[in-house]
Each structure stands twice: as structure tokens, then as C-alpha cells.
Amino acid sequence: MLKKAKITAVSHWVPEKILTNKELEKMVDTNDEWILTRTGIRERHILEDGKGSSDMGVEAVKLLCDQRGIDPLEIDAIIVATVTPDMFFPNTGNLIQAKIGAVNAMSFDVMAACSGFVYALSIGTQYIRTGDYKKVVIVGTDKMSSIVDYTDRNTCILFGDAAGAVLIEPTEDESEAIIDFSLNSDGLGTEALHMYGGGSLYPATADTVAKKLHYIYQDGKTVFKMAVQKMADVSVNLLHKHNFTGDDLKLFVPHQANLRIVEAAVRRLKIDPEKAVINIGKYGNTTAATIPMALSEAYQDGRMKKGDLVLFGTFGGGYTWASALLRWAMN
Ligand code: COA
């Protein structure tokens, strides 16, 4: 019989350095008021030069192991969601695996932009369900500052660097298990949100650098419209599929791309806004890290207890959009 998976630890890590809206005012033609009212972001954290996404992931996984009281040797698999791997290969999971000495773990990366963490969690959950693995670490880590053009006011105000992680393990108990996922893609979203440079189609050349192909390009308005619709749809539909309503939810943990996108999802879910975990003001959009970060902060703040119904919802580049419904397993 298939097993169930539960979350048994959650952690996050952010670099010390903060980049405020006021500081951005000195870098591009923008202002604190515009950024705050259009996005809800006040500041974001920036990782130092010479460090990559794996370094933030390492810190998050160390905290995870401490919280659960396990040795890295006990980890069976490390699945990393990121669009900013340290390098194309080895994958970021392998780099984290080596740095923490998790020599018994297999590891790989998943690239699904802002939906990456939920995609990776769904993959890890399958390994637990089949019984192949007993301790799977899911990491969302992105050094977005490495692909942001700090002369482009349309994008540079939005993103920050961070990592979050969860540990999943088997359980027989439905009242503490991950219930279901909804995963969706639409490759036609490529034009509105992408980074073309550095892959096999446009390998790095002086020309790709001159054309700024190694930075994120986003058509903000188009992506915004899709995000408002899809993040709400995917969240509401998964909840209703299992015959729950917003009243049954203890917490909604949304991807933090723009406060207005979260507010739209909250309205569609018909939940008290207090039930949504919102930390975009402090971190901006940290891509694959937003959901585990928000979950970790909510856990630290004592916002959920064992058995509570929790919903994740996200939308991102690709396009990709996803949700996850679960019963919280920790006290
Ligand atoms: N500071 C000041 N003005 C800015 C600005 C900035 N940082 N960035 C853009 N503007 C200007 C625009 O040039 C535009 O001026 P114009 O009317 O003279 O052309 C005006 O502000 C309005 O821009 P617009 O793009 O309509 O703003 P918006 O309300 O759509 O907000 C985003 C822009 C990027 C915040 C918003 O579109 C967004 O959040 N998009 C989705 C992001 C997302 O979800 N990504 C998901 C995956 S990562």
C-alpha cells in the first residue's frame, strides 16, 4: 500500500545584507512609495559576491537537521528548486550534499521558477509514497540578484535572495499528511518572462552580454494578469476538489511575487486576510524560496498546530502554477 508523506521540519535562511527601497532610489528612477504601493515590498536581502544559491541552501538544510535532530548522513534525497543554480552542473543539490556531508543522499535540481518548490515537494512526496526513501529534503533557494539587471527599474525592485527547506518523512496518519498537489504549465508564457542567455540556444558570448540576455526579462503587466488569475484558480480548485472551503483553512501560504496578487487570491478563497502568510515586505520575490520561507516564519510564530489545514499557491515563469494541500504535522 502507498504510504503518505508529512512535513517534519521547516527552516529558512536569508543573507545579512539588506537592499532597501530608499537605496534603490539611488540606483534607478523609482521611489519607495511606488514600490510599496505597487508591490508591497520594502526591502530585500542580497547575498554577497563569491557565494551562490547552494551556500544559502546549505544554511537552510543545516537548520533543518538541527530542528529535527538528525545527522545529514540520514538524508536519502535532496531535491533543490532553483532558477539560479551555482552553475549548470554539478547540480545545486549535489553541491549542498557535498558541503553538508550527506553522502548517503542522491540529489538533483528542479527548474520550475516560482513554482519550483511545490513541484520539488510533489516529486519528493512520490518517493516517500512508494517507500523508496524515508527522509527527503526539499530546498527552494535562489540568488535572484545574480540575474537581475540593476539598471532596469521594472524588475530590479522585485527580487531578493533567500533559501527555505522542508524535510518530509513517511506517515500512516492522514491527519498529519500531505493531501494533494495541482501542477500546471503553459510554455506559451516564455515570451513574457524569461532569461534567454547562457543556455544551449544562446550560450554566453560578448553579443549575449551586450544584449543583456543574461538578465531576467519580464513583461510585468502580462505576467501580473496571468498570476492574479492562475494563482487564485489553482488554490481555490484544489481546496474545492477535496470538499473544503476557505473556512476550513488555517493558513494560506502563497508565493510572494506581489502583494496585490496575494490579495486577489485571498478574495477568491474567501478567507480572512489574517489567514494568509505575507512576508513580501521584508524579502521581495525570492522565487523558489518564498513558500518554504513563509511556512518557516509562520511555524516560528506559532501560527499552526498539528492537524491544521494548510494550502500553498504559486505562479511563476514558464508559465508554471501549482498548489499543495496538506495537514500540518508538527506541534
Ligand atoms: N518605479 C517607478 N515607476 C515604475 C517602476 C519603478 N520601479 N517600474 C515601472 N514603473 C512605471 C512604468 O514605466 C509605467 O510608467 P508609464 O505608465 O509611464 O509607462 C508605470 O510605472 C506603471 O507600470 P506598470 O507596469 O503598469 O505597473 P504595474 O502596476 O503593472 O506594476 C509590476 C509593475 C512589475 C510591479 C507588476 O506588473 C507585477 O508585479 N507583475 C508581476 C510580477 C510577477 O508576478 N512575477 C511572477 C513571477 S516571478
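Residues numbered from 1 in each chain as written. Predicted model: local features only at pLDDT ≥ 70, side-chain atom pairs only at ≥ 80, totals over all residues. Heavy atoms only, no water.

1. Concerning helix α4 (residues 92–100)
The cut-off we apply is this: Exposure classes here rest on a 1.4 Å probe applied to the protein chains alone. A residue is buried below 20% of its type maximum, exposed above 50%, and partly exposed in between. Note on conventions: DSSP H or I runs of at least 4 residues are helices, E runs of at least 2 residues are strands, and numbering of each starts at the N terminus. Contacts are residue-level and defined by heavy atoms, with any inter-residue pair within 4.5 Å sufficient. The definition of a polar contact used here is a pair of N or O atoms within 3.5 Å, where within protein one atom must be able to donate a hydrogen and the other to accept one, and adjacent residues in sequence count solely through side-chain atom pairs.
What α4 keeps buried is the set Thr-92, Gly-93, Leu-95, Ile-96, Gln-97 and Ile-100. In the core, the buried residues of α4 are packed alongside α3 (53–68), β4 (77–81), β5 (106–110) and β6 (136–143). Capping the start of α4 is the job of one residue whose side-chain oxygen sits 2.9 Å from the backbone nitrogen of Gly-93: Asn-91.

2. A closer look at the site of the ligand
Filter applied, for reference: Here a residue counts as near a molecule or strand whenever at least one of its heavy atoms sits within 4 Å of it. Note that accessible areas follow from Shrake-Rupley with a 1.4 Å probe, and for residues the cover is restricted to the protein chains shown.
Every one of the 21 residues lining the ligand counts as a neighbour, but Thr-30, Arg-38, Gln-218, Lys-221 and Asn-258 are closest to it. Trp-34 is positioned with one of its side-chain polar atoms (N or O) 3.4 Å from an oxygen atom of the ligand. One of the side-chain nitrogen or oxygen atoms of Asn-258 is found 2.7 Å away from an oxygen atom of the ligand. Considered on its own, the ligand offers 950 Å² of accessible surface; in the complex 76% of this is hidden by protein.

3. Focus on the environment of His-255
With respect to the helices and strands, His-255 occurs in the loop between β11 (251–254) and α9 (259–269). Along the backbone, His-255 and Asp-308 are 53 residues apart, and their C-alpha atoms lie at a distance of 20 Å.

4. Here's the deal with the state of the cysteines
Working definition: the covalent bond between the sulfur atoms of two cysteines is a disulfide. How we decide: Cysteine sulfur atoms that come within 2.5 Å of each other are treated as a disulfide pair.
Scanning the entire structure with this criterion turns up 0 disulfides. Looking at the unpaired Cys-156, the closest cysteine sulfur is the one in Cys-114, lying at 17 Å.

5. Considering the packing of helix α8 (residues 220–241) against α9
For the record, the criterion: Think of each axis as a best-fit line through the C-alpha atoms, taken over the contacting stretch in the case of a helix, with angles from 0 to 180 degrees between the N-to-C directions. A clockwise turn of the near helix away from the far one marks a right-handed crossing, whereas an anticlockwise turn of less than a right angle marks a left-handed crossing.
Running from amino to carboxyl end, α8 crosses α9 at an angle of 35°, the nearest separation of the two axes being 9 Å. When you trace α8 past α9, the crossing you get is right-handed. Where α8 abuts α9, its residues Phe-224, Ala-227, Val-228, Gln-229, Met-231, Ala-232, Asp-233, Ser-235, Val-236 and Leu-239 lie against Arg-260, Ile-261, Val-262, Ala-264, Ala-265, Arg-268 and Leu-269.

6. Concerning the domain arrangement of the protein
Definition in use: In this entry, domain limits derive from an automatic or database-based domain assignment. Computed with a 1.4 Å rolling probe, the buried area is the accessible surface lost when two parts are put together, summed over both parts. Only one rule defines a salt bridge in this text: a Lys or Arg side-chain nitrogen within 4 Å of an Asp or Glu carboxyl oxygen.
Structurally, the protein comprises domain 1 (4–174) and domain 2 (178–327). Averaged C-alpha coordinates put domain 1 and domain 2 at centres separated by 14 Å. Between domain 1 and domain 2, the residue contacts involve 53 residues of the former and 50 residues of the latter. For the pair domain 1 and domain 2, the summed buried surface comes to about 3,900 Å²; carbon and sulfur atoms form 64% of the total. Taken together, the connections running from domain 1 to domain 2 amount to 1 salt bridge.

7. Remarks on the side chain of Thr-287
Its location among the elements puts Thr-287 in the loop between α10 (280–283) and α11 (290–300). For Thr-287, the contacting residues outside a window of four places in its chain are Val-83, Ala-113, Cys-114, Asp-142, Met-144, Phe-159 and His-255.

8. Regarding unusual backbone geometry
Here Phe-89 and Pro-90 are connected by a cis peptide whose omega angle stands at 0°. Turning to its location among the elements, Pro-90 is positioned in the loop between β4 and α4. The residue after Gly-318, namely Tyr-319, is reached through a cis peptide bond having omega -10°. Phi angles above zero are rare outside glycine, and Lys-212 is one such case at about 60°. As for its position among the elements, Lys-212 is in the loop between α7 (206–210) and β10 (217–218). Non-glycine residue Asn-243 carries a positive phi angle of around 60°. If you trace the backbone, Asn-243 turns up in the loop between α8 and β11.

9. Description of the sheet that holds β11
So the rule is basically this: Strand pairing requires that DSSP identify at least two bridges connecting the strands.
The sheet built from 4 strands is open, its strands ordered β8-β13-β12-β11 with mixed pairing. Of all the strands in the sheet, the pair left with one neighbour each is β8 (178–185) and β11. Going from strand to strand, the sheet's axes swing by 10° on average, the running direction of each strand aside. The sheet contact formed by β8 and strand β13 (residues 320–327) spans 7 bridges and is antiparallel. The partner of Ser-182 across the bridge, within β13, is Ser-323.

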